[in-house]
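# Observations on the three-dimensional arrangement
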Amino acid sequence: MNFNAFKEAVIAQCECLGIADYELYYQAAESTSVSAFQHALNQFTGSAEGGVCLRCLVDGKMGYASTEDMDPNKAAALVERCVDNAKTLESCDPEFLGEGGQSYAELTLQNYALPSTEKLIEKVLATQEAIYAADPAVIDGSSTQGIAERSEFAIYNSRGLDLHYENTVTGLVVAAVVTNGTEKANDYQIKLGQLDSLDSEALTKKAAKTALGKLGGDVAPTGQYPVVFDPEAMSDLLQTFSSIFSSEVAQKGLSKFADQEGKVVAAPCVTIVDDPFHPENPMPINFDAEGSPTATKAVVESGVLNTLLYNLKTANKAGKKTTGNASKGGYDSPVAVRPFSMYLAGGDITEEELLRKAGNGVYINSLGGLHAGANPISGDFSLQSAGFLIENGVKTTAVKSFTVAGNFYELLKNITAVANNSHLPTAMGMTAFGAPTTLVEGLSIAGK
Amino acid sequence: MISREICQRILHKALSTGADYAELFAENTVNHTIHMIDSRVDAIKDGIIAGAAIRLYKGLRSVMATTVDTSEKGLLACAEKAAEALGQGSAPMDIVLRERIFGDIHPVKIVPSSVANARKVEILKEGYFAAREYDESIVQTSGTLLDVDHNILIATSEGLYTRDRQIRTRLSIDAVADKGQGTQTGGCRPGSRMGLEMFDTICPKNVGIHAAKQAVTMAGAGYCPAGVMPVAIDNGFGGVIFHEACGHSLEASAVAYGRSQFAGKLGEKIANEKVTAIDDGTIPNAWGSINIDDEGTPAQKNVLIENGILKSYMIDKFNGRRMGMASTGNARRQSYAYTPTSRMTNTYIAPGEDKNEDIIASIEYGLYAKEMGGGSVNPVTGEFNFAVNEGYIVRNGVICEPVRGASLVGKGSDVIRNIDMVGSDLDMGQGMCGSSSGSVPTNVGQPLIRVSSITVGGR
């Protein structure tokens, strides 16, 4: 597989057909993952993948075609499919390719060599033993996993863009299954960083402790209560509804924020930031999928919707500048809009103080079925939950198998406190979400 | 495609460090999607997935290496990488590959890649505009016509050398309606393991109308009340309840590791005696059907639960080793880049003897879930959830007003004991099921059923 040879062949074909505006987006990854079950190695995967997406402007319309087969002899077929697809499109909003010669923020990338297979195996087996040692109630280390991935992508176009990005991520996934004799519960924890710096013991203790907390739970009562979301549950909610901040979604009439820029959309304690350089995100990035420079911005500031997220096409339509949020779901996806590290900013009280403020209510630390029980278009959600009761300002009995229901647009207005512990709980890729412990009024709990 | 002779050399290299089983899986897939929104064709996704994976087993260890370089040189390097990961071992066995052709039980009349974009756009527009123009409360519509041409080659150290071509077509229409009480959505997504002849039997217009009608109904609905109540779940995509509450927990990927509520329970009564559940990959042209699974095992019809008694799990070769059981033809992977594991195909609750009218009449106060949305499950605990896309309150045995925003939560082992009435009108719905081996097409199905008691999330 040789991207450069394929690129040259595609360029030659585009020029031969008189296509003036074209762009190649190349993505490749090399990854290793090792998993253990009980006390032995179970699975090893070493993968190498990569693909290229061509887009070109034909009569003002942007066609796409992609392939993983980078045989230069097949370049002409890719161009032909791309042109044919462009001609089939009917969209009339002007499309653009990014311009060369833009300036980008300085970036320090984690670009180290992948750990050797032996080292990865050693770390995974040691972590697996740490799980069993973490608590006598642990009956299964499930799938402790070590992962290492080196990924790269490149954008090259006829307007002078020629950008390249390379990054390495390594990490551990630990899972603990615990039992009290009559019932089982489990928990997963993920931690990224260089293998030597990852503390297996702390991670496994956390997984065991969280799993233990889920045992013996009661069913929550039905009714309306103050609800406290822990950082992970709140990040999950923010992620599920993050498309409401996309100008692309808004321009299609699928977000209520379509004409709300500059207006109050949330409680005064709500500030939501999108930061491409967040220190907890292992994949900081200084250019977006169209090659525009990225930047940190407050999307919502003290309750006011500052800006939606834009790419070149949606910004042009709105008469604005791109916010550098063009994104591609995969190398073969059309350019869309997405945040990088989007988080609800923390406040200045501790979680304990926030719980005292809640008084009596429900603390949720796990949400399930987000892809099904939440509708990003209407904002409605009704989600499987687990957590604790809050009685007189402290967490008491574990509760599970209940739902929390509400509407995300209303939830933003009903946030009454945010704690000072905002972080990104599971930053695994370029897009990550974060939040502090958050107190919300007016949600419905359905339990017994 | 890669010749038998090359496969032989690759497998030989792969076995060089003492693996007791080797498999080469190569793929060339064309994915084509036309998307419409704002009454215009706004995007076409058109991609070729091409690559190969080599898997090795040594006892209960498995190794996989993948590559996009499917030349002999690239495949040899991939085989070497896999072999190295396994470590040191003895000299390999000899392999003689024999080509085998399994019959094609899913004939295709119109191969989508042979049809011009213009014809596909016509089909999509018929569905799209039927939804867009259905009612003045429809404020947005989107639609997708997907076709997939998935070509696989499998060669194993057991001597198998075979290929399969899997063509799928699917039309999805989504509608958004607003009657001044907030937007609501409706959708319809029929799919089939066939070519564009799918539209000889499924009228695109009806797909659009179905989606729009649901959105309009829900836009006029109030919120679903919360509580524990009996629920009648209709046929078709309603079968997602079995898929989530029970199906995932019967997959070897959970059972082999003791991570399932149903591990070690073969022959035991785990469900109400009215429940018989089947996974059948051989239904001609059904969305979840296959000729062979992704390890080269022919598809089967497997009775999972018969009159409440657990009869079988869904098993792939690798997890079958740990369980001491043979593959049931359920190994599936989204593409070469994913390690295959046991997955569902077309999974359904078999028809029973209750009458639909009796089921509804038996409910004094409860919910009628006409259409379900997606869901998820934690197989370790069996806790599941799913969304109700179109629900109605049942009062005194009569279906009354529609309600929005409902979800159902519970524990799989409880809910299949609580399925106490099973109707006779089996129908299936199409879905994409996501799990560790990626996203694969699956059918869910059932007749109308009653769950005597379940937690309904609402407000």
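These figures come from a predicted structure and were not determined experimentally.

Here we take up the interface of chain A and chain B. Facing 65 residues of chain A, the contacting portion of chain B comprises 67 residues. Taken together, both faces of the contact between chain A and chain B bury some 5400 Å²; the carbon and sulfur share is 49%. Connecting chain A to chain B are seven salt bridges. With its nearest N and O atoms 3.4 Å apart, the salt bridge here joins D380(A) to R459(B). Those elements that place two or more of their residues in the side of chain A that touches chain B are β2 (40–58), β3 (61–67), α2 (75–88), β7 (184–192), α9 (370–373), β17 (380–391), β18 (394–407) and β21 (438–446) of chain A. For the side of chain A that touches chain B, the element with the most residues is β2(A), which contributes 10 residues. Of the residues in the side of chain A that touches chain B, the class split is 19 nonpolar, 31 polar and 15 charged.

A few words on the sheet that holds strand β12 (residues 301–306) of chain B. Residues and elements named next belong to chain B. Taken in spatial order, the six strands make up an open sheet running β13-β12-β11-β16-β23-β22, and their pairing is mixed. The sheet is open, and its two edges are formed by β13 (309–310) and β22 (427–435), each paired on a single side. By the bridge criterion, nine bridges tie β22 to strand β23 (residues 438–446) in an arrangement that is antiparallel. Pairing of Q430 across the sheet is with N443, part of β23.

Turning our eyes to something else, we now look at the pattern of salt bridges. Residue and element names in this part refer to chain B. Within this structure, the stated rule accounts for 38 salt bridges over all chains. In this structure, the salt-bridge partner of R55 is E23, at a minimum N-O distance of 3.0 Å. Of the two residues, R55 is situated in strand β2 (residues 40–58) and E23 in strand β1 (residues 21–37); the sequence distance between them amounts to 32 residues. Considered together, R55 and E23 belong to a single accessibility category, that of buried residues.

On to the domain arrangement of chain A, then. Residues and elements named next belong to chain A. Assigned domains within chain A: domain 1 (117–149 + 168–213) and domain 2 (218–446). One C-alpha centre belongs to domain 1, the other to domain 2; they are set 28 Å apart. With six residues of domain 1 in contact, the opposing surface of domain 2 contributes eight residues. Summing both sides of the interface, domain 1 and domain 2 together bury roughly 560 Å²; the carbon and sulfur share of this comes to 67%. By the criterion of area lost to domain 2, the three top residues of domain 1 are V169, I190 and L192, representing 58% of everything that side buries. Summed over the shared surface of domain 1 and domain 2, the number is one salt bridge. In this structure, K400 engages E183 in a salt bridge whose closest nitrogen and oxygen atoms are separated by 2.2 Å. Counting every contact that joins domain 1 to domain 2 gives one residue pair in polar contact (both at pLDDT 80 or more).

Another point: the domain arrangement of chain B. Residue and element names in this part refer to chain B. In terms of domains, chain B is made up of domain 1 (4–32 + 42–99), domain 2 (112–148 + 167–219) and domain 3 (227–457). Summarising the inter-unit geometry, the C-alpha centres of domain 1 and domain 2 are found 40 Å apart. At the interface, five residues of domain 1 touch six residues of domain 2. At the boundary of domain 1 with domain 2, total buried surface from both sides reaches about 400 Å², with 45% on carbon and sulfur atoms.

The rules behind each value
Residues numbered from 1 in each chain as written. Chains lettered and ligands numbered in written order. Predicted model: local features only at pLDDT ≥ 70, side-chain atom pairs only at ≥ 80, totals over all residues. Heavy atoms only, no water. Contact = heavy atoms within 4.5 Å. Buried area = accessible area lost by both parts, 1.4 Å probe. Salt bridge = Lys/Arg side-chain N within 4 Å of Asp/Glu carboxyl O. Helix = DSSP H or I, 4+ residues; strand = E, 2+ residues; numbered from the N terminus. Nonpolar A, V, L, I, M, F, W, Y, C, P; charged D, E, K, R; others polar. Pairing = 2+ DSSP bridges. Buried < 20%, exposed > 50% of the residue type's maximum accessible area, 1.4 Å probe, protein only. Domains from an automatic or database assignment. Polar contact = N/O pair within 3.5 Å; in protein donor to acceptor, adjacent residues only side chain to side chain.

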